[in-house]
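What the coordinates show
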Amino acid sequence: MSTSRLNYDLFEATGTDSAELNVLGTLIHRFPDEGDYMIEVRQGDAVVGTRLLAVSDDYHTLQATYDLSAFGDTTECDCGPTCSCEDDFDCIREDGVAVFHVGSGPGGYAVTVDPVGERRERREFDSDELVEDDVFSALLLRPGSYVAKNTLGDASAELTVNYPDGQSGAANQDAIVVTVTDDGFEPVEIEMDPGRGVSFIVETEARIVVKLDEPHEKTTDDTDRKRPPQHSDRIDITSAIPFDPSGRTPAEIESKVESINTATELRAVLLAERRNDNRKTVVETLRSRIRDVSKLRR
Amino acid sequence: MSDLTLAVSEAGVNDIVSTLLDPSVARVQAAPRYDPGAFTVEADIDAHFEHGPTLIDFRDTPDQVKLDELDIVWDTFDLDFELDIPELCIGGFCLTPGWFGDCIRAPEKCFFSSDPDVELTLALDWIRSEVSVLADLLVGYSTNRTTDYLQAQVDEHEALEALEAAGESGPIDPPLVNTWDVSLHPDTFDIDIFDTADMIADIVQDLLDRIIDMLVGVLPDWAIDVLESLAGSLVRFLRNALDIGDDLAEWLSDIIGVSLDVPGIILEILDDYLIDYPVFRIEDPYPVLDWSPPLGSPTTGGDPRLIPVKVPIEELDIDLQETEVVLTASIGAYQ
């Protein structure tokens, strides 16, 4: 029995939205000012959880990473080896960043960050409306043509994810940087391999939506990989032989033996024959076949 | 000086050994396990022996018996594989090159969550294996009773009667009396697990294909191509996880032959079996006259009876010839 756990969400998502984050999207917000901040994560109208983040020069951690699919009251951030976080809040240095992503699941998360204490008048971060210095990054896997739009304006860009033609190093390459300004996206045409990130550096109010416009399919037949026809978790003799004469009539066996062209097939039929009582039929048919072939060769 | 000579033909010994190796008695059953870390494989094996009409071949110089081409027929030969696929993730690349001083790293996206397991059974009961044994025919003495030989005979007789009353037949095993045993002691073995080794590569390839199918079979081709472009060939990935080198057949042969030591298990069981079940077992003292009929009233039967007349065998020798084995016994009390 197979209990393999594949992250299907990575392959099912065909686009991403900065205001409804899914597995293909990542949000980055930089905290230029010291202070304590409350992170709130929502999924639709429901609040998934909240978490306190302290920003101070007393800390050395650059990056606090949150998986929103596992976000809750008991959330622990992935702050790396130099993390100085404590149990009930996280901490980063001044000018550090919070990185929000979705590890698995259907997504649809929104994030807000508000200062706590004396500076409550200004919202620090809102995924519904990205502002200057925020970053939205997309990790596109499905080969195809995409359109990226800033839905708070009318700018758009075209992204092309190539069909893979072998092993690529895309997953290890730096993300492609696209700036989003009042004038639009720069560049407006991006081509990349699947698995390479594209990061939208926001310099104006923005909500970035990336959608698959037209998928690209494989253009040539793949003859290297033959996928098994069934999902059985038991491999038996039928994996090794092209034909099992058990329960076949002599005519059926004779017909099958007629089509034997290789030594492997011949050996396989002989092997299969052992397992049942059709020995006489198989052997006689084979002999007859060999005689016929011998005559032809003469 | 020999007082008793008994010759048994090669065909006679052939019949006896054939009976000893009857599937109802002689079976190879075991469940060895191999756990190198990344995967485990456990074998469930149950086999019996089959052979043609001529199993035994006497060799005169030196005196040895050859059991030739003894087929090992697998009633069950399942290899249960459990594979822990390691996490397969991408991430860590720089999300914001040149944005500001430090590089913000992309969080990991994992295609497989931690330690997904794949369980697969490779059923190999269709293969034929073969073993040939060159054995010495050796004489041994089993001391089952060291005192009160007369009582031992009574005990043996009563045990036989109890068996008969239960609808079964003797001999008593283990015997309640002392015995001279003539057993086959295997000297050399030649075992061939696969008689179709070149097909094993196909089986292993199918094993790999099936695992991949279990892992990503529901994905469309583009997704598998993307996965392989990012993480490398899934076949190579699995080969590394299973520690499969270039030769697929050799890998499975090594698992069965070395890691699980299936040949060793077969040989050990056969070795123990042939030694434990002698070809000839001669009671000592040897009964030349059995228990008498009841001596009481012919109509009512019952005791008393005369006890068997038995003669002690002081020495038993064998001489293996090309067509027969000759047993010579000397009568007398062992000093």
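Residues numbered from 1 in each chain as written. Chains lettered and ligands numbered in written order. Predicted model: local features only at pLDDT ≥ 70, side-chain atom pairs only at ≥ 80, totals over all residues. Heavy atoms only, no water.

Bringing a nonpolar patch on the surface into the picture now. Residue and element names in this part refer to chain B. On the surface, a nonpolar cluster with roughly 430 Å² of combined accessible area is contributed by Leu4, Tyr286, Val288, Leu289 and Val309. With three residues, the single largest contributor to the nonpolar patch is strand 13 (residues 286-289). Position of valine 309 relative to the elements: it lies in strand 14 (residues 309-311). On the accessibility criterion, valine 309 (39% relative accessible area) is partly exposed. (Patch = residues over 30% accessible without salt bridge, like charges linked within 9 Å, V, L, I, M, F, W, Y side chains within 5 Å. Areas by Shrake-Rupley, 256 points an atom, 1.4 Å probe, with all protein chains shown as cover. Salt bridge = Lys/Arg side-chain N within 4 Å of Asp/Glu carboxyl O. Helix = DSSP H or I, 4+ residues; strand = E, 2+ residues; numbered from the N terminus. Buried < 20%, exposed > 50% of the residue type's maximum accessible area, 1.4 Å probe, protein only.)

This part covers the pairing of strand 5 (residues 56-59) of chain B. Put simply, side chains in a regular strand alternate between the two faces of the sheet. Residue and element names in this part refer to chain B. Going residue by residue along strand 5, you find Ile56 and Phe58 tucked away on one face and Asp57 and Arg59 left uncovered on the opposite face. Of the strand pairs in this sheet, strand 5 and strand 6 (residues 64-84) are connected by four bridges, and their pairing is antiparallel. Paired with isoleucine 56 across the bridge in strand 6 is leucine 67. Adjacent in sequence and paired antiparallel, strand 5 and strand 6 are bridged by four residues. (Pairing = 2+ DSSP bridges.)

Next up on the list: the state of the cysteines. Residue and element names in this part refer to chain B. Applying the stated criterion to the full structure yields two disulfides over all chains. Across the disulfide from cysteine 89 sits cysteine 110; the S-S distance is 2.0 Å. One quick way to see it: the torsion about the S-S bond of cysteine 89 and cysteine 110 is about 95°, and its sign makes the bridge right-handed. Of this pair, cysteine 89 sits in strand 7 (residues 88-90) while cysteine 110 sits in strand 8 (residues 109-112); the two residues are 21 residues apart in sequence, bridging distant segments of the chain. Judged by its relative accessible area of 24%, cysteine 89 falls in the partly exposed class. (Disulfide = S-S within 2.5 Å.)

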